Amino acid sequence: MSAGLLDGVNLFAALPTRPEELGTSTLALDDAKDPPVANDIEALPSNDAKAPSPTTMGGAYRGGCPYDCCGENPCGGQGCCDNECGDCGDGCDVPAIDPYCRLFRQDRAIRLRGWLDAGILGNTQNPGSSFNGPYNSQEVDSGQFNQAYLIADRLITNRTGLGVGGRVDLLYGGDYNVAQSFGLERNRDGSNRWNSNQYYGLALPQAYGDIGNTRLQARLGHFYSIVGYEGVQSATNFFYSHAYSYQFAGPFTHWGGLGTWQPGKRLTVQAGLVNGWNSLDNGTNQPAFMGGVKYKNDDAGWWSSFAIITGNEQNNPAALATVTNAVANRTRYSFLFSKQIGCRTEYVFHHWLGSQATGYPGGGTALWYGLDQYLYYRINPKWRVGARTEWFRDEGGTRVGLTEPSNPNAAPLPGTYMSWTVGGNWTPARNVVIRPELRWDTYAGSARPFNDGQQTYQLLLGADAIVQF
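None of these values were measured; they are calculated from a predicted model.

Criteria and cut-off values
Residues numbered from 1 in each chain as written. Predicted model: local features only at pLDDT ≥ 70, side-chain atom pairs only at ≥ 80, totals over all residues. Heavy atoms only, no water. Helix = DSSP H or I, 4+ residues; strand = E, 2+ residues; numbered from the N terminus. Buried < 20%, exposed > 50% of the residue type's maximum accessible area, 1.4 Å probe, protein only. Phe/Tyr/Trp six-rings, centres within 6.5 Å; stacked < 30°, edge-to-face > 60°. Lys, Arg positive; Asp, Glu negative; His and termini not counted. Salt bridge = Lys/Arg side-chain N within 4 Å of Asp/Glu carboxyl O. Polar contact = N/O pair within 3.5 Å; in protein donor to acceptor, adjacent residues only side chain to side chain. Contact = heavy atoms within 4.5 Å. pLDDT = per-residue confidence, 0-100. Patch = residues over 30% accessible without salt bridge, like charges linked within 9 Å, V, L, I, M, F, W, Y side chains within 5 Å. Areas by Shrake-Rupley, 256 points an atom, 1.4 Å probe, with all protein chains shown as cover. Core = buried A, V, L, I, M, F, W, Y, C linked by side-chain atoms within 4.5 Å. Pairing = 2+ DSSP bridges.

K.L.:
I'd like to hear about the environment of Phe 450, residue by residue, with values.
P.N.:
On the secondary structure map, Phe 450 appears in the loop between β15 (432-445) and β16 (457-468). Classification of Phe 450 by relative accessible area gives buried; the value is 0%. For the pair formed by Phe 450 and Gln 125, sequence separation is 325 residues and the distance between their alpha carbons is 9.0 Å.

K.L.:
Quick one: what's the story with the packing of aromatic side chains, residue by residue and with numbers?
P.N.:
In total, this model carries 21 aromatic pairs according to the counting rule given. The interplanar angle of 45° and the centroid separation of 4.9 Å between the aromatic rings of Trp 352 and Phe 392 together place this pair among those described as tilted. Of this pair, Trp 352 sits in strand β11 (residues 345-356) while Phe 392 is found in strand β13 (residues 383-394), placing the two residues 40 residues apart along the sequence. Taken individually, Trp 352 and Phe 392 each receive the classification buried, so the pair is uniform in this respect. Ring geometry for Tyr 417 versus Tyr 443: centroids 4.9 Å apart, planes at 50°, classification tilted. In this pair, Tyr 417 sits in strand β14 (residues 415-429) while Tyr 443 sits in strand β15, placing the two residues 26 residues apart along the sequence.

K.L.:
Give a detailed account of the side chain of Glu 437, specifying residues and quantitative values.
P.N.:
Its location among the elements puts Glu 437 in strand β15. Of the side chains with opposite charge, Arg 388 lies nearest to the buried Glu 437, which makes no salt bridge, at 4.6 Å. In this structure the side chain of Glu 437 is engaged in a polar contact, spanning 3.0 Å, whose partner is the backbone nitrogen of Tyr 240. Here the side chain of Glu 437 touches Ser 241 through a polar contact of 2.6 Å, side chain to side chain. In this structure Glu 437 touches Leu 121, Phe 239, Tyr 240, Ser 241, Thr 421, Val 422, Gly 423, Leu 460, Leu 461 and Gly 462, once residues within four positions along its chain are discounted.

K.L.:
Pulling in residues and values, what's your account of unusual backbone geometry?
P.N.:
Of note, the bond from Ala 411 into Pro 412 is cis; its omega dihedral lies within 30 degrees of zero at 5°. Among the structural elements, Pro 412 can be located in the loop between β13 and β14. The backbone of Thr 358 sits at a positive phi, close to 55°, despite the residue not being glycine. Here Thr 358 falls in the partly exposed class, since its relative accessible area comes to 39%.

K.L.:
Give me the lowdown on the confidence of the model for the protein, citing residues and values where you can.
P.N.:
Averaged over every residue, the pLDDT of the protein is 83; residues scoring 70 or more account for 79%. Within the model, the stretch residues 1-56 combines pLDDT values under 50 with 354 contacts to residues more than four positions away or in other chains. This model gives residues 59-96 a pLDDT under 50, and the stretch forms 104 contacts once residues within four places in sequence are excluded.

K.L.:
Just give me the short version of a nonpolar patch on the surface, but keep the residues and values in it.
P.N.:
A cluster of nonpolar side chains, namely Leu 150, Leu 170, Tyr 172, Trp 194 and Leu 202, defines an oily patch on the protein surface of about 440 Å² accessible area. In this structure, Leu 150 sits in strand β2 (residues 144-154).

K.L.:
Tell me about the pattern of salt bridges, and name the residues and values.
P.N.:
Within this structure, the stated rule accounts for 13 salt bridges. A salt bridge links Asp 153 to Arg 111; the shortest N-O distance between them is 2.8 Å. Separated by 42 residues along the polypeptide, Asp 153 in strand β2 and Arg 111 in strand β1 (residues 111-123) bring together distant segments of the chain. Overall, Asp 153 belongs to the buried group, its relative accessible area being 2%. With a shortest N-O distance of 3.0 Å, Arg 388 and Glu 230 are connected by a salt bridge.

K.L.:
Could you give an account of the nonpolar core, with specific residues and numbers?
P.N.:
Among the nonpolar cores identified, the biggest contains 33 residues, and Tyr 244, Met 290, Ile 309, Phe 392 and Tyr 417 are the most heavily contacted of them. Secondary-structure elements contributing two or more residues to this core are α2 (244-248), β8 (288-297), β9 (302-314) and β12 (366-380).

K.L.:
How would you summarise the pairing of strand β5 (residues 216-224) if you had to cite specific residues and measurements?
P.N.:
Two elements, strand β4 (residues 201-212) and β5, share six bridges in a ladder whose sense is antiparallel. In the strand pairing of β5, Asp 210 is matched with Arg 219. Counted along the chain from β4 to the antiparallel partner β5, the turn is three residues long. Sheet topology note: the β5/strand β6 (residues 253-261) ladder contains nine bridges and is antiparallel. By the bridge assignment, His 222 is partnered in β6 with Trp 255.

In structure tokens form, the structure reads like this:
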């Protein structure tokens, strides 16, 4: 994986969340889950099921309304207001906001949980390199063990005064590449420190402490970005494959501090300083501002958020010969709007833009921007279906193609990318979700980013399975 890959992207809204994602507090914006559906996979959220979530300013994918609206839930037919779902042993003797049978009880001071994820995203063009175009996630067509993900956390539950919480995440698998940091898993120059295998490795994507209460708290350490929609954690995303806006448009993680204020049930505000994109120590080490605001109206069934990060970064992550290396401002924002349509359908709109001063080939500001749209429909407690459309513009060819060093579909690949994805989430057993999907990519521009430089389109068909523990 190239150093530029770590300049890839992540998200300000957790997708079937974002987001991400169990936080250590009811404030954490990635933890903002309404009572989870059977495949709202990353539960257990915080103690307040209506709270905002921890690391992204977006809202969790719900795939329909909560069980107390439709009377459906995975807890042996019991209602959501029941204190416990006792149909599968001690591992499930916790509030019904966690629909899984965990190996460890989730009502302890420190919680342990995680999942395993593996799948295949086959390419009908059968490229000789096995790479699915310029992708940096689900990038090969020969099957992958994507994630063995482990979480240990402590929640802040006090509404007043000072409480202490924290969280540590470990990720092993093919998705480790986007979760690495300069100065930790990688050296300053992007060379490997922990991992030597191109396809599998170990990453520490989060390690932070929280102090405060459920209205106001401060976070210090290593955490996922609040900018964007889709997230690193496979269990927080509806689809197996990822949007270009996730892969190439923004940061995945940060090191620094982040404050969160929730003055009421509807409004959440976050602001902080971080050491740029995906970096503990990259040699530049200049602070960047990251902040966002989210407003949710549960009565009307909608939420909206805006998040931004801005600060100086190295201007040439793709190492293009036509860009003079410098340190200059890089800014990325995300705007999200989600609307619940009836009891079974959810629509999400995502607009985003990124800019890099002095990053355009030959001089000037490099721009990348786009639109993503998602539609989810819950058929029943075991089946959900979804569709995603995206339009991604990389004007200077400075973003798409920040991928593995052996991938021939590398930057510069300037132009317009579009993709259409349809898929499902099937829950055949309580702790298992299977995500089949069909995806079509097209490109308009001067390059040929697919099939090892031979095509301007590709058709992918695949599925993965996630097992919670």
